[in-house]
Amino acid sequence: MELIDIRQVLTQILGFLLMVWILRRYAWGPLIGMLEARREKIAGEFKEADRLKAEAVELKARYDAELKTIEGHARQRITEAVAEGQRVAGEIRAQAQQDSVARLENAADEIMREREKAKEVLKEQVISLSLRTAEKILRQKLDDASQRKLAGEFIDEVGALR
């Protein structure tokens, strides 16, 4: 059996402890610092992501509220425009009715004037015919047959004037 060399074991222990001390001092410290910094950075990014998400949700809620407000205003404006259109249509109808009544009255007045003119013209023609007939009767010595003939001519002339 071989004996364990205590010096070799102590050297290995001392070498191991020295290596642990060196690694701890120069490797693990910076490595753990880097890992801690990385962990803090990732945690900060998660916090920032959560903050941005909350901000996006709030912004979306605000936009939804504004959209509903805009839609309400749009509906109100459409309703007002329809009411205004109906009011204007009513005014146009009323004006058209007034215009048609005025035109009918003007047409009736014009018809009455034309009728009166026609009566005057007819009256003048009847007077003229009557005078001519009377003149013819007075110029001629009339017997019953002549008078009937003259009256028939007079009636024919009046009928032709109509």
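Above this text you will find the structure in question.
Not measured: the values here are computed from a predicted model.

Asker: Describe the overall build of the chain, with residues and values.
Answerer: Across its full length, the chain holds 2 helices and 0 strands. Taken against the 2.2 N^0.38 rule, which gives 15 Å for 162 residues, the C-alpha radius of gyration of the chain at 62 Å runs more than 25% over that of a compact globule. In terms of its C-alpha atoms, the chain occupies a principal-axis envelope of roughly 195 × 30 × 25 Å. Relative to its 162 residues, the chain shows a buried fraction of 2%. Counting only carbon and sulfur atoms, one obtains 62% of the accessible surface of the chain, whose full area is about 14800 Å². Counting 29 positive and 29 negative side-chain charges, the chain places the averaged centre of each group 2 Å from the other.

Asker: Would you mind going over the pattern of salt bridges in detail, with residue names and values included?
Answerer: For the structure shown, the criterion picks out 10 salt bridges. Between R62 and E58 there is a salt bridge whose closest N-O contact spans 3.7 Å. Remark: E58 and R62 occur in helix α1 (residues 6-139); sequence separation between them is 4 residues, near one turn of the helix. Between R113 and E110 there is a salt bridge; the shortest N-O distance is 2.7 Å. Separated by 3 residues within a single helix, R113 and E110 lie in helix α1, roughly one turn from each other. The class of E110 is partly exposed, set by a relative accessible area of 37%.

Asker: Can you break down the environment of S146 residue by residue, with the values?
Answerer: The residue S146 is located in helix α2 (residues 144-161) in this model. When the C-alpha atoms of S146 and A102 are compared, they prove to be 55 Å apart, with 44 residues separating the residues in sequence.

Cut-offs applied
Residues numbered from 1 in each chain as written. Predicted model: local features only at pLDDT ≥ 70, side-chain atom pairs only at ≥ 80, totals over all residues. Heavy atoms only, no water. Helix = DSSP H or I, 4+ residues; strand = E, 2+ residues; numbered from the N terminus. Rg over C-alpha atoms; globule rule 2.2 N^0.38 Å. Buried < 20%, exposed > 50% of the residue type's maximum accessible area, 1.4 Å probe, protein only. Areas by Shrake-Rupley, 256 points an atom, 1.4 Å probe, with all protein chains shown as cover. Lys, Arg positive; Asp, Glu negative; His and termini not counted. Charge placed at Lys NZ, Arg CZ, Asp CG, Glu CD. Salt bridge = Lys/Arg side-chain N within 4 Å of Asp/Glu carboxyl O.

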